[in-house]
Structures are given as C-alpha cells and as structure tokens.
Amino acid sequence: MKSKLWNVIGGLTSHSSVHIAHILNTYKIPQLSYGSFDPVLSDKRQFPSFFSMVPNENEQYEGIVHLLKHFGWNWIGLLISDNESGEAFLRNLQPKLLKNDICIALRKLVPVFKTVRLSEDIYTRLKDIAFAILLSKTNVLLVSGDMQSMLIFWNLINLIFILPSIQLHHFLRHVRFNNSAGDEIFFDDKGNFDPGYDIQNLVTFPNNSFKRVQVGRIDSRAPGGKKFVINEDAIHWNHKFEQVPPYSRCVERCPQGFMKVVQEEAQICCYNCTKCPEGRISVQIDADQCEKCPEDQYSNAGREQCLPKSFSYLSYSEPLGATLTSLTLFFSGILILVAVTFILHWETSIVKANNRNITCILLSSLLLCFLCPLLFIGWPGEVTCFLRQTIFGTVFSISISCILAKTITVVLAFMASKPGNQMRKWLGRRLAGSIIVICSFIQVVICIVWWVTFPPFPEFDMQSQMDKIIAQCNEGSDFMFYIVLAYLGLLASISFTVAFFARKLPDTFNEAKLITFSMLVFCSVWVSFIPAYFSTRGKYMVAVEIFSILASTAGLLGCIFLPKCYIILLKPHLNTKEHLSKRTV
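Residue positions are given per chain, counted from 1 along the sequence in the order it is written. The predicted origin of the model limits local features to residues at a pLDDT of at least 70 and limits the giving and counting of side-chain atom pairs to 80 or more, whereas totals for whole chains, interfaces and linings rest on all residues. Here the side-chain values reflect all heavy atoms present in the structure, with hydrogen atoms and water set aside.

### Some remarks on the pattern of salt bridges
Now for step 1: For salt bridges, the criterion is a side-chain nitrogen of Lys or Arg within 4 Å of an Asp or Glu carboxyl oxygen. Counted by the stated rule, this structure contains ten salt bridges.
Now for step 2: Where Arg249 meets Asp286, a salt bridge forms, and the shortest distance between an N and an O atom there is 2.8 Å. In this pair, Arg249 is assigned in the loop between β12 (228-230) and β13 (258-262) and Asp286 in the loop between β15 (280-281) and β16 (291-292), connecting sequence segments 37 residues apart.
Now for step 3: For Arg249, a relative accessible area of 12% corresponds to the buried category.
Now for step 4: Across the pair Arg253 and Asp286 runs a salt bridge, and its minimum N-O distance is 3.6 Å. Here the residue Arg253 occupies a position in the loop between β12 and β13, and Asp286 occupies one in the loop between β15 and β16, the gap between them amounting to 33 residues.
Now for step 5: Buried residues are those whose accessible area, probed at 1.4 Å on protein chains only, stays under 20% of the maximum for their type, while exposed residues exceed 50% and partly exposed ones sit between those limits. Residue classification places Arg253 among the partly exposed positions, given a relative accessible area of 39%.
Now for step 6: Three or more residues joined by partner-sharing salt bridges are found here, namely Asp101, Lys260 and Asp288. The helix and strand labels rest on DSSP assignments: H or I over at least four residues marks a helix, E over at least two residues marks a strand, and numbering proceeds from the N terminus.

See the structure below:
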C-alpha cells in the first residue's frame, strides 16, 4: 500500500518556506510553517496552500516599539543572532525604531551556538511564550522567538491526519477552537495565525528558579487604543537596578517650552534643548519644533502657553493719558482767562494797538489747538482717525496765518508812518483777512486731497509688541502728513523771518519782538518732534505729538499774550495812549 503525502510542516526560514510553497502549490498540498514569517506568503493568489503557525512578526516589532516608548527608552542595545533570522529581525525592526526616534547604542552579533546556549534554558522552560523581553542592568534589549505555535499545531495535525486533501484545506480555513490558555486559535482569510503576543515578566528567585508573570498584551485584533496594554504594577524589577523603571536615554528630555536641536553628526536621540523664541510655544515633552501662537496671542515666559494679547492705546484712564488730558484742560483754561482779560480791557490802549479782530481769531484758533489732543486720546475710531491730523493741521495754519498777518501789519504800519509813503492804502482789515484766508485755504486744500486720495483709518498692529495689540490710526499716506507739517513749517519760517527783520522797529510796534521769539519756540518744538516721533511706537508716538501740540501752542500763547496781560493786570499805568506814544527805540 502506497503512502500519500497529505501535508508538510516547514520550513524554519522564510526563504525555504517560499521555495517549498511553490512546489507544494502545484499539488495543492497544505504547508504549515512554524518559522519566521515573510509577508509575501500572505498572498493567497501565489500561495493558496500556505498556512502560518506563528503570529505576524510585524506585530512583534510594533509591540517592541510600543514597549520602549511606554518606558521612555530611546537609547538601547540589540543582541542579534548571527544568521538569517537575526538579519531579518534587524532589517525589519531598525526602520521602526528610527521612525520613532529610538537609537541603537549597541548592536552585537552573537554566533548561533551561543544564542542557542544563551536561550536553551528559556526555551526548555517557556515553550508557550509568544516572545520574551529580558532587561539587563545596562538596559540591553534581547528579543527571542519560540516554537509555541508548532506545539499547538502538532495536536491539530494529529486531529486531521485521515482527512482527504480537499477536506483538509477546507478544515484548515475554517478551524476555530480555544487552547488550554483560553486563546482562540484560527487562520484568517490570508492563512495567517494571529493570536497576538503576551508580554511576560521573568521573575527570578535566589535559588535560580524563576516564573513568568503576564504583565501585558499585544493584540492586533483589539479595538483602537487597546492593541498595546501593560500593567506596570504587575512588573517585578530586578532588585539590583539602581533606578526603577530603568533609565535608558542619551540625554534628558526637553521639557515644555523647549524644543529639540539635533547636533551635526550625532544620532537623533542625542540632542540639545533650546527654549522656544518669543511668540512660539511647545506643549509636548521633546517637541521637535515650537508652534507659533495666533496673531492675537503671545507666549508666556515659560513658552508653554499662548495668552491673549491686550489692546494698547493712549487712554484717558492711564497715567500718561490722564496727565496729557489735564495739561490740555489746564492750558485751555489759561487761554480762556487771557481771552476774558482782553475782553474786560477791550478799550484799553494795548488791546487796541494789537489789532483786536486778529487777536480774537488768534485766541480762538489757539483754543482749538489746545483742544486738538482730545482727538488723539482714547480709542482710535474711524471718525477720530479721519479728523485728528487734518483738524490739527488746519487750526495750526489759522494760528500761524494770524501771526503772519500781525507781523506783516506791523511792518506795513511802520512803513506807512513815514511821510509820503504809499503803504497806507494797503493797511486795513482786508489785508489781514486776506492773508489769513489764503494761507488757511491752502492747508484746507491739502487736507481735502489727503481725504480723497489716502484717508486715514484705524488699524491693529499685532507685530510690534509681543504681548500687546497696538490700536492706532494709520495715516493712510505718510507723504501727505509730511506735506501738512512742511506747510506749517513754511508759514512759521516766513513769520519768523518777517518778524526778525522787524524786531528793531520803535517800541510802539514792539509786538514783532514777541512774534520773533514765539516763532523761534514754535519751530524748535516741531524740529525736535520729528526724530522723537519716528523713534517711538504705539501710544508713545501719539503722546509725543500731543506734547508737541501743547508745547508749541503754549509757546505762542505765552510769548505773545502773557507780556500784555502782565501790563494790563499788574502795570495798568503803562496801558495808556500817552505812554505808548512816548516810547521810542
């Protein structure tokens, strides 16, 4: 009676299993493999008769990586058997280690006979271990396979040995039972046996005996988040360990607020930690890079949290804003007192001698100049941004035009006082009014062009300061702003020049001396304003402009009107027509 080959068990290596599978597929003879697993053997179109009795090795590699990451070990050593199995183990495991930033500090090939001797006792005692992980005091990692599946399936083969080939194939594809450990045994649709892996803790005793304790499990069939499970409380660490759990890292972890910086020619596990720059944070340990905070947030001092930025603008409630507001009201009050003084002494000689109509216009425009800062303080809205610079330029133009009209009037009056001079016909209200209207109108035209072409608007500057959002007015066109200032400077320069040449006129017309000094103060303030304005940002830039407005306006008020108020209030005997007419150069 001839014997018939029903099935084949083997081979140990993937290489031999592939070759054997090609031959056995021709005769549809089932092949049960207990050795290392090659993924190509899962292709049922090429190998319909191949059945693997070992768990998928990819799950083993993933389990090793999970275990290392769980304990924070990234500086490990590998003992590898010096054969095809060891090469395959390293070839498959190394990319997964590098992908997870785990570095191999020690890699040593161990001859096969030493590997056998090293693990002989383990295999003898632990035939049903999925894999064993041994940790030495130096944290060297040793991973070993076993022959559990082969023992399980020997019993399976004994059960199905009378069965015909076709029935055997059908039986192997649909077999499902529980082994003595309670694990369900079956082949999946690719002919693979995938029961998962137990994580075993080898507990040694003083008499050199040991036992295994299951502390975790790797199961690819478990739902997400439960494929890798470990119970640290069940682990018994070697009492010789100086630290529990053992520490195995090249460098200390980078804390929150820091990021890793890999050194050149160094393994990725050996890195430096650098603090995140301003505006960036890291909330993870060993962060590869710092994340940028949103534009409306900034990083705290520890660089581990983004905080909302506060708005920065010159408000009435803060000390600087309150001080400037108080100065504005104070100087406005002084000007009102000056105006009241002139009104109460309207018919006195010194008031009459200084062109009362122009004086009224000048005092009114100076009051508006003092009140201009109120447009600069507070939240920069659309209306205030649109009006503040143009109103400032217009009212200052009126003030300087009045002073220029006064100066020209003084010069023409002196010239007209000479016998036979024809300048007398130029004197009068029309000349002074025309100067004020024409000079002011030019500035108004400039402002209208500014409004039409590049009107100012409110904006939020989120970049200049890390912890604040600067609420400010964008001037729309800096060039137009410079034109407004330049025109004011031109009017002031003309007034200063005319008044300077008229400063030595007889004392009856000595207002030219006061105008000369007032224009000198005015020009000095605004020349100093330019560098100060461009060297500041945000609310301090606004404060510089307010201070310049108040200082220059106060200079005009003090230089032109306070000397006259002094005579009116404290020296009334000098405020007579006879006294003024007697004064000479």
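### Details of the packing of aromatic side chains
The relation between two aromatic rings is expressed through the spacing of the ring centres and the mutual angle of the planes.
Now for step 1: The aromatic pairing rule takes the rings of Phe, Tyr and Trp, using the six-membered ring of Trp, and pairs them if the centres are within 6.5 Å, calling planes under 30 degrees apart stacked, those over 60 edge-to-face and the rest tilted. For the structure on display, the rule yields 26 aromatic pairs.
Now for step 2: Between Phe71 and Trp73, the aromatic rings sit 4.8 Å apart at their centres with planes inclined by 20°, giving stacked as the arrangement.
Now for step 3: Given the relative accessible area of 15%, Phe71 is considered buried.
Now for step 4: Their ring planes at 35° and their centres at 5.4 Å tell us that Phe392 and Trp526 sit as a pair that is tilted.

### Describing a nonpolar patch on the surface
Now for step 1: Surface patches are defined over residues having more than 30% relative accessible area and no salt bridge, joining like charges when they lie within 9 Å and nonpolar side chains (Val, Leu, Ile, Met, Phe, Trp, Tyr) when within 5 Å. Note on areas: these come from Shrake-Rupley sampling with a 1.4 Å probe, and a residue is covered only by the protein chains present in the view. Residues Val437, Phe441, Val445 and Val449 make up a contiguous nonpolar surface patch of roughly 350 Å² in combined accessible area.
Now for step 2: Here Val445 lies in helix α12 (residues 429-453).
Now for step 3: For Val445, a relative accessible area of 36% puts it in the partly exposed group.

### Thoughts on the UniProt feature "transmembrane region" (unreviewed entry) in the chain
Now for step 1: UniProt positions are given in the numbering used here, feature names are shortened, and annotations may be inferred rather than shown by experiment. Within this numbering scheme, the UniProt entry marks residues 320-346, 358-379, 391-415, 427-452, 479-502, 514-534 and 540-562 as carrying the feature "transmembrane region" (unreviewed entry).
Now for step 2: Counted over residues 320-346, helix gives 93% and strand 0%. Its end C-alpha atoms are 39 Å apart.

### Section: the state of the cysteines
Now for step 1: Sulfur atoms of two cysteines make up a disulfide when they are within 2.5 Å. Inspection of the entire model under this criterion finds six disulfides.
Now for step 2: Paired by a disulfide, Cys276 and Cys290 hold their sulfur atoms 1.9 Å apart. Judged by the torsion about the S-S bond (-80°), the Cys276/Cys290 disulfide is left-handed. Separated by 14 residues along the polypeptide, Cys276 in the loop between β14 (271-275) and β15 and Cys290 in the loop between β15 and β16 bring together distant segments of the chain.
Now for step 3: Disulfides within the chain link the bonded cysteines, taken in sequence order, as 1-4, 2-5, 3-6, 7-8, 9-10, 11-12.
Now for step 4: Free of any disulfide, Cys372 has its nearest neighbouring cysteine sulfur in Cys369, separated by 5.8 Å.

### Details of the pairing of strand β4 (residues 75-81)
Now for step 1: Within β4, five of the seven residues are buried, leaving the element largely enclosed by the surrounding structure.
Now for step 2: With seven bridges connecting them, β4 and strand β5 (residues 103-110) associate as parallel partners. Across the sheet, residue Ser81 finds its bridge partner in β5, namely Val110.
Now for step 3: A crossover counts as right-handed when, viewed with the strands pointing away from the observer, the path leading from the first strand over the helix to the second turns clockwise. For the handedness criterion, the β-α-β arrangement of β4, helix α3 (residues 84-99) and β5 is classed as right-handed. Only when DSSP finds a minimum of two bridges between them are two strands counted as paired.

### With respect to the packing of helix α2 (residues 57-71) against α3
Helix packing geometry: the angle between the two helix axes and the distance between the axes.
Now for step 1: In this description, a line fitted to the C-alpha atoms serves as the axis of each element, helices being fitted only across the stretch in contact, and the angle between N-to-C directions of two axes falls anywhere from 0 to 180 degrees. In the contact formed by α2 and α3, the axes pass within 10 Å of each other and the chain directions differ by 45°. Taken as axis vectors, α2 and α3 run oblique relative to one another. Seen along the crossing, α2 lies across α3 with a hand that is right-handed. Within the contact between the two elements, α2 uses Glu57, Tyr61, Glu62, Ile64, Val65 and Leu68 and α3 uses Ala88, Phe89, Asn92, Leu93, Lys96 and Leu97. Orientation categories follow fixed angle ranges, with anything under 35 degrees roughly parallel, anything over 145 roughly antiparallel, 65 to 115 roughly perpendicular, and all other angles oblique. Two helices crossing with the near one rotated counterclockwise from the far one by less than a right angle form a left-handed crossing, whereas a clockwise rotation gives a right-handed crossing. For this analysis, residues touch if any pair of their heavy atoms sits within 4.5 Å.

### Brief notes about unusual backbone geometry
Note on backbone geometry: most residues besides glycine have negative phi, and most peptide bonds are trans.
Now for step 1: In this structure, Pro245 follows Val244 across a cis peptide bond, with omega equal to -10°.
Now for step 2: Along the chain, Pro245 turns up in the loop between β12 and β13.
Now for step 3: At Asp101, a position not held by glycine, the phi torsion is positive, near 55°.
Now for step 4: Positive phi is not limited to glycine here, since Asp286 has a value of about 60°.
Now for step 5: For Asp286, a relative accessible area of 12% translates into the label buried.

### Quick notes on α2
Now for step 1: By this rule the span expected of a helix is its residue count minus one, scaled by 1.5 Å. Counted at 1.5 Å a residue, the expected span for α2 with its 15 residues is 21 Å, and the 22 Å between its end C-alpha atoms agrees.
Now for step 2: Within α2 the residues assigned to the buried category are Glu57, Gln60, Tyr61, Gly63, Ile64, Val65, Leu67, Leu68 and Phe71.
Now for step 3: Immediately beyond the C-terminal end of α2, within one or two residues, lies Gly72, with a positive phi of roughly 75°.

### Structural notes on the sheet that holds strand β21 (residues 468-474)
Now for step 1: Within the open sheet, the three strands sit side by side as β19-β21-β20. Their pairing is mixed. Looking along the sheet, the strands with just one partner apiece sit at the ends: β19 (310-312) and β20 (457-461). Taken over all neighbouring pairs, the strand axes of this sheet differ in orientation by 30° on average, direction set aside.
Now for step 2: Pairing of β20 with β21, which is carried by five bridges, proceeds in the antiparallel orientation. Of the residues in β21, the one forming a bridge with Phe457 is Asn474.

### Describing the side chain of Arg303
Now for step 1: For Arg303, the location among the structural elements is in the loop between β17 (297-299) and β18 (306-308).
Now for step 2: Neither His nor the chain termini are counted; the positive set is Lys and Arg, and the negative set is Asp and Glu. It is Glu278 that comes nearest to the buried, bridge-free Arg303 among opposite-charge side chains, at 4.2 Å.
Now for step 3: Once residues lying within four places of it in the same chain are set aside, the contact partners of Arg303 are Gly257, Lys275, Cys276, Pro277, Glu278, Arg280, Ile281 and Ser282.

### Side note on the environment of Thr341
Now for step 1: Within the secondary structure layout, Thr341 lies in helix α7 (residues 319-344).
Now for step 2: We classify Thr341 as buried; its relative accessible area is 12%.
Now for step 3: Between the C-alpha atoms of Thr341 and Cys565, which are 224 residues apart in sequence, the distance is 7.2 Å.
Now for step 4: Excluding residues within four positions of it along the chain, Thr341 makes contact with Cys565, Ile568 and Leu569.

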